[in-house]
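What follows is the residue order along each chain.
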Amino acid sequence: MPRSPELIAPRASASGPIIALVTDLKDWHARSLSKAFAALGAQARPLMLPACRFDTASVNGLILPDFSASLPDAVLVRDMSGGSFEAVTLRLGILHALQEIGIPVWNKARAIERCVDKSMTSFLLARAGLPTPATWAAESQEDAAEIVQQEGGPLVLKPLFGSQGRGLRLINSADELPAPAEVAGVYYLQRYVGVERNGFHDFRVLVSQGRVVAAMMRHSPHWVTNVKRGGKPVAAVADGVMRDLAIAAAAAVRANFAGVDIVYDRDERPTVLEVNSMPAWSGLQRTTSIDIAATLASDLIAGLALPAQRNV
């Protein structure tokens with residue numbers, strides 16, 4: 001919906017767009033984005049969602065630290081810290097509220113929800129007709145055991161809300177399933193499609209505004225190829241098939257930008273493993289001359305001129 005002047009206080013500064021950078025970390029990514037926005041005449045201000053709150057007696061219904069009664073021109077969500085279900089719901093609610101007011105949010109809370117929940121990502125990819133491994137998610141260990149027995153082949157057990165390759169297990173038989181307490185009561189199982197080809201490798205493709213920005217291959221002697229788990233980033237060029245698949249995967253979750261993980265199966269067919277709405281790119285940056293932070297910042301600033309960006 002359009003921004004309503006009577007509901008939105010004016011910004012404290014009119015020198016250029018003010019971008020709220022959602023992050024709990026002042027890391028390399030945040031610094032790179034702040035520098036990139038500054039080069040475009042915009043100012044990036046950190047916004048820590050745990051410090052934000054709803055206040056329906058205020059002019060905008062929200063209190064955002066470092067913004068007084070004003071609001072940013074746009075929001076870019078770099079990362080979100082974990083917390084209780086209630087805390088995370090509140091933080092996402094802040095992003096939803098900003099979107100309702102008419103502030104462009106990249107990525108929108110709905111897209112983040114779709115990607116953080118791996119089961120919903122898999123559901124949406126399959127619904128869109130995109131190649132992705134068969135996936136199951138259930139709360140019952142008995143149901144999980146039945147799935148493993150029926151499949152008869154290796155399945156990857158992943159934390160539903162996990163990232164960076166943490167907590168992945170290869171399950172070959174039902175007796176290898178951990179107790180419910182070890183998986184937060186949810187068994188997310190995905191058919192294993194990895195293939196050993198002088199080690200293991202997959203691809204991370206970064207998509208922004210419907211186009212591929214950069215891609216890399218992640219190579220590892222282990223089937224878990226994430227850079228944080230020891231995978232080596234290697235320069236790669238996405239061919240037409242991979243590009244189209246990555247773009248379609250980002251569109252399936254309605255993300256403005258996303259890191260799409262693609263692997264080639266035993267029949268040399270590309271398949272989407274995951275879509276990340278808050279992707280890190282330090283490893284990818286080492287493989288390309290493209291300034292990724294500058295590209296994301298430029299895309300967001302360009303999008304401010306498009307009314308559709310405020311209404312979706």
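Residues numbered from 1 in each chain as written. Predicted model: local features only at pLDDT ≥ 70, side-chain atom pairs only at ≥ 80, totals over all residues. Heavy atoms only, no water.

1. Brief notes about the overall build of the protein
Piece 1. A count of helical and extended segments in the protein gives nine helices and 15 strands.
Piece 2. Here the C-alpha radius of gyration of the protein, 20 Å, is about what a compact globule of 312 residues would show, namely 20 Å.
Piece 3. Its C-alpha atoms put the protein at 60 × 40 × 35 Å along the principal axes.
Piece 4. Taken across its 312 residues, the protein has 51% of its residues classed as buried.
Piece 5. A fraction of 67% describes how many contacts in the protein between residues 6 or more apart in sequence connect residues 24 or more apart.
Piece 6. Accessible surface, the protein as shown: approximately 14,500 Å² in total, 55% of it carbon and sulfur. (Helix = DSSP H or I, 4+ residues; strand = E, 2+ residues; numbered from the N terminus. Rg over C-alpha atoms; globule rule 2.2 N^0.38 Å. Buried < 20%, exposed > 50% of the residue type's maximum accessible area, 1.4 Å probe, protein only. Contact = heavy atoms within 4.5 Å. Areas by Shrake-Rupley, 256 points an atom, 1.4 Å probe, with all protein chains shown as cover.)

2. Observations regarding the pairing of strand β10 (residues 187-191)
Piece 1. The buried fraction of β10 amounts to four of the five residues, a majority that puts the element mostly inside the structure.
Piece 2. Here strand β7 (residues 135-138) pairs with β10 via four bridges, running antiparallel. Looking at β10, one finds that Ala137 is bridged to Tyr188.
Piece 3. As judged from the four bridges shared by strand β8 (residues 155-158) and β10, these two strands associate in the antiparallel manner. Within β10, the position partnered with Leu157 by the bridge is Leu189. (Pairing = 2+ DSSP bridges.)

3. Overview of the sheet that holds strand β2 (residues 43-47)
Piece 1. Strand order across the open sheet formed by four strands is β2-β1-β5-β6, with parallel pairing between neighbours. In this open sheet, the two strands that pair with only one neighbour each are β2 and β6 (105-106).
Piece 2. When strand β1 (residues 18-22) meets strand β5 (residues 74-77), the two strands line up parallel, connected through four bridges. In the strand pairing of β5, Ile19 is matched with Ala74.
Piece 3. Most of the contacts of helix α1 (residues 28-39) go to β1, to which it runs at about 170°, and overall it touches β1, β2 and β5. (Axes fitted to C-alpha atoms, helices over the stretch in contact; angles between N-to-C directions.)

4. Description of the side chain of Asp299
Piece 1. For Asp299, the position within the fold is in helix α8 (residues 292-303).
Piece 2. On the accessibility criterion, Asp299 (12% relative accessible area) is buried.
Piece 3. Setting aside residues up to four positions removed in sequence, Asp299 forms contacts with Trp106, Ser208, Gln209 and Arg211.

5. Brief notes about unusual backbone geometry
Piece 1. Here Trp106 and Asn107 are connected by a cis peptide whose omega angle stands at -15°.
Piece 2. Position of Asn107 among the secondary structure elements: in the loop between β6 and α3 (109-116).
Piece 3. If you check the backbone angles, Asn198 has positive phi at about 55° while not being a glycine.
Piece 4. One can find Asn198 in the loop between β10 and β11 (200-208).
Piece 5. Residue Asn198 is classed as exposed on the basis of its relative accessible area, which comes to 73%.
Piece 6. The phi dihedral of Arg254 is positive, around 60°, even though this residue is not glycine.

6. A short note on the environment of Pro65
Piece 1. Tracing the chain through its elements places Pro65 in the loop between β4 (62-63) and β5.
Piece 2. When the C-alpha positions of Pro65 and Arg53 are compared, they lie 9.0 Å apart, and in sequence the two are 12 residues distant.
Piece 3. Those residues within four positions of Pro65 in sequence are excluded, and the remaining contacts are Leu47, Ala51 and Cys52.

Read these as layout, nothing more, since geometry by itself doesn't imply function.
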